[in-house]
Amino acid sequence: MKVSYLECTRCGERLSADVPRNVCPKDGGVLFARYDLAALKGKFRREDLRGRVASMWRYGEVLPELSDHEEPVTLGEGFTPMLRSREHANVWIKDEGLNPTGSFKARGMSAAVTMARHYGLKKLAVPSAGNAGGALAMYAAAAGIEAYIFMPEDVPRANRMEAEYADAHVTLVNGLISDCARMVTERKEKEGWFDVSTLKEPYRVEGKKTMGYEVAEQLDWKLPDAIIYPTGGGVGMIGMWKAFEEMEELGWIGGAGAGAKRPGFRPRMITVQAAGCAPIVKAWEGGKASSEMWTGAETFAAGLRVPKAYGDYLILDILKKSGGMAVSATDEEIFGATRQWASMEGVFAAPEGAASLVAYQKLRANGFLSAEDTVVLFNTGSAYKYLDVLEAEERKSQRRMPGARNIGGIIGPY
Ligand SMILES: [Zn+2]
């Protein structure tokens, strides 16, 4: 439906959605699109979804409205499988690897590029740890818009290639996503680029919130007790929390007898980060409301190499409100989980996604989660985007365990 206004998540300032916007002009706060959900209540019902298109655009009423002659820029993103775990009862794997360009980033870019075209923007720029850049390149190509993408030079090969094949302007940067972000900020005004960085425009969140709608719909409107989400920039978690808020306003979830066993009805939201770059975990453990820039970020899970998330204050607030948790996983644990998911579940997960399994195992071991808890683990992307990265990690793990690998000439399990 029509966006009523954009609301600053820091100061509550309301801004018109008639023109493209980045962040709150007063305090740089993240802007959320707000709708007149009270007017929609009762008119848009859960049963209306039956038989609709199997993409995130099935939730069209709670996505920004377009004019009559406009169509969304879609490549079939969303409505990904919710798989029951073969290994753990009560665990589900939401497999975002089946999205166009192989990651959940497709959802955000489908919404952001749709709105960019709606506003008549011609040049979009993004700093990316990998998958967001690839997704922007493809959606911009589909929309006939130019894309300017800044990636670390050691980005997974697939991300660089997909962006180049889509004819995006790719700049490889000797540094991290934070260095890429600085370059976009420095140059955007002069070059006439619109910045679609994570949480620096309001519509990527709108696309990603559809994961929250899908979790509810695919579990027959019974929200899980917990959701584990790998967190780099954090938009997935922020978007899902917004979706839960909206669904409550629509009367779709909550109320007596609905959903989870705990009061509040919403799932505990759990962040997992790589041990080599865990600013949210550190802030959470220190009881802080925002995070500090992580120095010396290092992990093979490229999407988790985000030393400071722009929306860190929103993520930490969600963890707190939901009774959630923040956990880290070492590269060795993540690599092991990638193999475990492939061999036990048949899911070939991106390293970021496999980190969810590590978090689940740790939280079961320490009693934070029980075997009875219904838990959704998000696999955020496909391992097919990381073949070079996985091969390099394989070589590293062989060096770590030379003895185990080759005893008396017998080739070990690795
Ligand atoms: Zn503000």
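Residues numbered from 1 in each chain as written. Predicted model: local features only at pLDDT ≥ 70, side-chain atom pairs only at ≥ 80, totals over all residues. Heavy atoms only, no water.

### With respect to a nonpolar patch on the surface
We count it as follows: In this analysis, a patch consists of residues with relative accessible area above 30% that form no salt bridge, clustered at 9 Å for like charges and at 5 Å for the nonpolar side chains Val, Leu, Ile, Met, Phe, Trp and Tyr. Only the protein chains shown count as cover for residues, with accessible areas throughout obtained via the Shrake-Rupley method and a probe of 1.4 Å. We define a salt bridge as a side-chain nitrogen of Lys or Arg found within 4 Å of a carboxyl oxygen belonging to Asp or Glu. Secondary structure elements follow DSSP: runs of H or I no shorter than four residues count as helices, runs of E no shorter than two count as strands, and numbering proceeds from the N terminus. Relative accessibility thresholds used throughout: buried, under 20% of the residue-type maximum; exposed, over 50%; partly exposed, between the two (1.4 Å probe, protein chains only).
Side chains of F348, Y384 and L387 sit close together on the surface and give an oily, nonpolar patch of about 320 Å² of accessible area. Here F348 shows up in the loop between α10 (331-345) and α11 (351-365). Since its relative accessible area comes to 31%, F348 is described here as partly exposed.

### Examining the packing of helix α3 (residues 131-143) against helix α4 (residues 157-165)
Applicable threshold: Angles here are taken between N-to-C directions and fall from 0 to 180 degrees, while the axes themselves are lines fitted to C-alpha atoms, restricted in helices to the stretch in contact. When describing relative orientation, an angle under 35 degrees is termed roughly parallel and one over 145 degrees roughly antiparallel, while 65 to 115 degrees is termed roughly perpendicular and anything else oblique. In a left-handed crossing the near helix is turned counterclockwise from the far helix by less than a right angle, and in a right-handed crossing that turn is clockwise. Contacts were defined at the residue level, with two residues in contact if any of their heavy atoms lie within 4.5 Å. Residues are sorted three ways: Asp, Glu, Lys and Arg are charged, Ala, Val, Leu, Ile, Met, Phe, Trp, Tyr, Cys and Pro are nonpolar, and all the rest, Gly among them, are polar.
Running from amino to carboxyl end, α3 crosses α4 at an angle of 20°, the nearest separation of the two axes being 8 Å. Considering the angle they form, α3 stands roughly parallel to α4. Like other packed secondary-structure pairs, α3 and α4 cross with a definite hand, here left-handed. Facing N131, G134, A137 and M138 of α3, the residues of α4 in contact are N159, E162 and A163. Partitioned by chemical class, the residues of the contact of α3 with α4 number 3 nonpolar, 3 polar and 1 charged.

### Digging into the layout of surface pockets
Our working rule: The method works on a 1 Å grid over the protein atoms by themselves. A cavity is a set of points holding a 1.4 Å probe that cannot get out, a pocket is an open set with protein on both sides within 12 Å along at least five of seven lines, and residues with an atom within 4 Å of a point line them. Grid points are joined across faces, edges and corners, and a volume is the space filled by probe spheres set on the points.
Reported here for the largest pocket is a volume of approximately 670 Å³. At the level of secondary structure, the elements contributing two or more residues to the lining of the largest pocket comprise α3, α5 (177-191), α6 (203-218), β10 (226-230) and α7 (235-249). The element contributing the most residues to the lining of the largest pocket is α5, with 3 residues. Residue classes in the lining of the largest pocket are distributed as 18 nonpolar, 16 polar and 8 charged.

### Things to note about helix α12 (residues 387-400)
Heads up, the condition is: Expected helix span is taken as 1.5 Å per residue step, with the number of steps being one fewer than the number of residues. Think of the arc as the fan of directions from the helix axis to the C-beta atoms.
Here α12 spans 20 Å end to end across 14 residues, near enough to the 20 Å set by a 1.5 Å rise per residue. By the burial criterion, the buried members of α12 are V389, L390, E393 and S397. The arc enclosing the buried residues of α12, seen along the axis, measures out at 90°, which places them on a common side. For α12, the secondary structure elements touched by its buried residues are α10.

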